[in-house]
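# Observations on the model geometry
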Amino acid sequence: MSIAAIIVTYNPELSRFKHVLNQASKQVNHVIVVDNASKNKNIIRNLCNETSNCNFVEIGFNSGVAHALRVGINYAIMQRYKPDWLLLLDDDTVPMDNAVSRVLDLLGNLPRFIWDRVGAVLLSSADGDCSIGKNRYGIFSGTLIRADIAARVCCRDGFFLDQADHDMYSRIRELEYLTLSVNCRLVDHRLGTKRWVPIISNMMHKLIDYEPPWRYYYIVRNSTKLLIEDKMDFAFYMQQLINWGIRILLVNGPLKLIKPLGLGIIHALLDELGYVDSSSFA
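A brief structural summary.

Parameters and conventions
- Residues numbered from 1 in each chain as written.
- Predicted model: local features only at pLDDT ≥ 70, side-chain atom pairs only at ≥ 80, totals over all residues.
- Heavy atoms only, no water.
- Helix = DSSP H or I, 4+ residues; strand = E, 2+ residues; numbered from the N terminus.
- Rg over C-alpha atoms; globule rule 2.2 N^0.38 Å.
- Buried < 20%, exposed > 50% of the residue type's maximum accessible area, 1.4 Å probe, protein only.
- Contact = heavy atoms within 4.5 Å.
- Areas by Shrake-Rupley, 256 points an atom, 1.4 Å probe, with all protein chains shown as cover.
- Expected span 1.5 Å × (residues − 1).
- Phe/Tyr/Trp six-rings, centres within 6.5 Å; stacked < 30°, edge-to-face > 60°.
- Lys NZ or Arg CZ within 6 Å of the ring centre and 35° of its normal.
- Pairing = 2+ DSSP bridges.
- Axes fitted to C-alpha atoms, helices over the stretch in contact; angles between N-to-C directions.
- Parallel < 35°, antiparallel > 145°, perpendicular 65-115°, else oblique.
- Nonpolar A, V, L, I, M, F, W, Y, C, P; charged D, E, K, R; others polar.
- Disulfide = S-S within 2.5 Å.

The next subject is the overall build of the chain. Scanning the chain for helices and strands turns up 11 helices and 12 strands. Computed over the C-alpha atoms, the radius of gyration of the chain is 19 Å, within 12% of the 19 Å expected from 2.2 N^0.38 for a compact globule of 282 residues. With the principal axes as the frame, the chain shows a C-alpha extent of 50 × 45 × 40 Å. Of all 282 residues assigned to the chain, the portion counted as buried reaches 53%. The contacts in the chain between residues at least 6 apart in sequence include a share of 76% that link residues at least 24 apart. In the structure as shown, the chain presents an accessible area of about 12900 Å², 53% of it carried by carbon and sulfur atoms.

As structure tokens, this is what we get:
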């Protein structure tokens with residue numbers, strides 16, 4: 001099977017990105033780096049050029065992860081390689097040694113009638129027994145997806161960032177394919193920014209994941225849109241809004257919470273999607 005990895009970059013930490021690129025290039029046939037106008041794009045391009053199976057695609061502006069992935073998928077499938085599978089990665093998600101081959105071996109042991117219905121598999125970043133299970137709410141980074149399915153379902157540009165991955169997983173299931181996960185540490189994935197959040201960090205005695213108000217706007221808007229479209233359960237929707245909202249409340253105060261929360265819901269109801277200037281939430 002031919003596999004291409006698509007890595008979306010936006011101002012990555014270079015030492016981390018080098019590790020991502022090195023690990024990915026050893027495990028797939030081709031690597032496609034899609035850059036969203038990074039300040040260090042020339043270094044990224046040079047690192048890619050120094051890797052024998054890497055191609056660099058420059059978008060020229062920050063198009064968001066959804067659009068960048070679609071550009072990479074079209075490049076891989078339509079213009080260059082026609083791979084069987086695609087591995088989607090953020091610029092800070094490091095595949096563990098032999099992660100791809102381990103997943104394919106596990107999938108190969110499934111009954112044929114199940115294997116033929118697998119659309120995407122999420123590689124976990126948590127310790128586990130490597131059991132395979134259904135996964136409804138997957139994320140882009142660490143997803144191994146059939147190339148022909150990816151061409152049909154990825155990605156929803158208007159979401160720009162958050163929840164475009166949930167939309168993709170939902171679209172895969174609408175095509176009557178399975179979305180699975182492998183429950184063991186196959187990637188090292190970083191989620192959000194770590195910072196000290198009053199009360200919560202005091203109780204847990206550690207830094208916790210945090211997203212700023214401008215990012216919360218996308219979470220609220222896109223989650224609300226998915227809820228309206230019946231692609232997200234109400235319980236999960238409320239969990240998203242409360243989980244990230246309470247952190248903004250404790251760090252930034254109620255005014256910084258109300259604006260992205262209110263605008264996010266209103267824009268979803270009015271179907272006003274796309275990019276929004278982050279400075280408006282400063």
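Here helix α10 (residues 234-252) spans 26 Å end to end across 19 residues, near enough to the 27 Å set by a 1.5 Å rise per residue. The complete set of buried residues in α10 reads F236, Y237, Q240, L241, W244, G245, R247 and I248. Here the buried face of α10 lies against α7 (164-174), α8 (200-204), β12 (208-210), α9 (213-228) and α11 (254-269).

Summed over the entire model, instances satisfying the criterion amount to eight aromatic pairs. With 5.4 Å between their ring centres and 25 degrees between their planes, F160 and Y218 make a pair best called stacked. Taken together, the positions of F160 in the loop between α6 (147-153) and α7 and Y218 in helix α9 put the pair 58 residues apart, joining distant regions of the chain. Relative accessible area serves as the criterion here: at 5%, F160 is assigned to the buried category. Relative accessible area serves as the criterion here: at 1%, Y218 is assigned to the buried category. Its end group placed over the ring of Y210, R195 keeps NZ or CZ at 5.0 Å from the ring centre. The ring of F281 carries K259 above its face, with NZ or CZ at 5.6 Å from the centroid.

Let's shift gears to unusual backbone geometry. Residues C154 and C155 are joined by a peptide bond in cis, for which omega reads 0 degrees. Assignment of secondary structure puts C155 in the loop between α6 and α7. Even without being a glycine, F160 presents a positive backbone phi close to 65 degrees. Phi is positive for D230, which is not a glycine, with a value near 65 degrees. The residue D230 is located in the loop between α9 and α10 in this model.

With that settled, consider the sheet that holds strand β3 (residues 54-58). Taking strand neighbours across the sheet as the criterion, the eight strands line up as β3-β2-β1-β4-β8-β6-β9-β7 in an open arrangement whose pairing is mixed. In the strand order of this sheet, the two ends are held by β3 and β7 (131-134), each with one partner. Within this sheet the neighbouring strands show an average axis-to-axis angle of 25 degrees, counted without direction. Looking at chain direction, strand β6 (residues 118-123) and strand β8 (residues 143-146) are connected through three bridges and run antiparallel. Pairing of A120 across the sheet is with I145, part of β8. Sheet strands in contact with helix α2 (residues 41-49) are β1 (3-9), β2 (30-35) and β3, and its direction is about 155 degrees off that of β3.

Turning our eyes to something else, we now look at the packing of α10 against α11. The N-to-C vectors of α10 and α11 enclose an angle of 150 degrees; their axes lie 7 Å apart at closest approach. By the angle class used here, α10 and α11 are roughly antiparallel. Note on element contacts: α11 touches α10 through P254, K256, L257, L261 and I265, opposite Y237, L241, G245, I248, L249 and N252. Of the residues in the contact of α10 with α11, the class split is eight nonpolar, two polar and one charged.

Turning our attention to the state of the cysteines. This structure, assessed with the given rule, holds three disulfides. Here C130 pairs with C184 through a disulfide, and the sulfurs are 2.0 Å apart. With the S-S bond torsion at 90 degrees, the cross-link from C130 to C184 turns out right-handed. Residue C130 is located in the loop between β6 and β7, and its partner C184 is located in the loop between β9 (178-183) and β10 (187-188); the two are separated by 54 residues in the primary sequence. Accessibility assignment for this pair places C130 and C184 in one class, buried. A sulfur-sulfur distance of 1.4 Å marks the disulfide that ties C154 to C155. A torsion of -50 degrees about the S-S bond marks the disulfide between C154 and C155 as left-handed. With respect to class, C154 is no different from C155; both count as buried. Cysteine pairing in the chain follows 1-2, 3-6, 4-5, where each cysteine in a disulfide is numbered by its order in the sequence.

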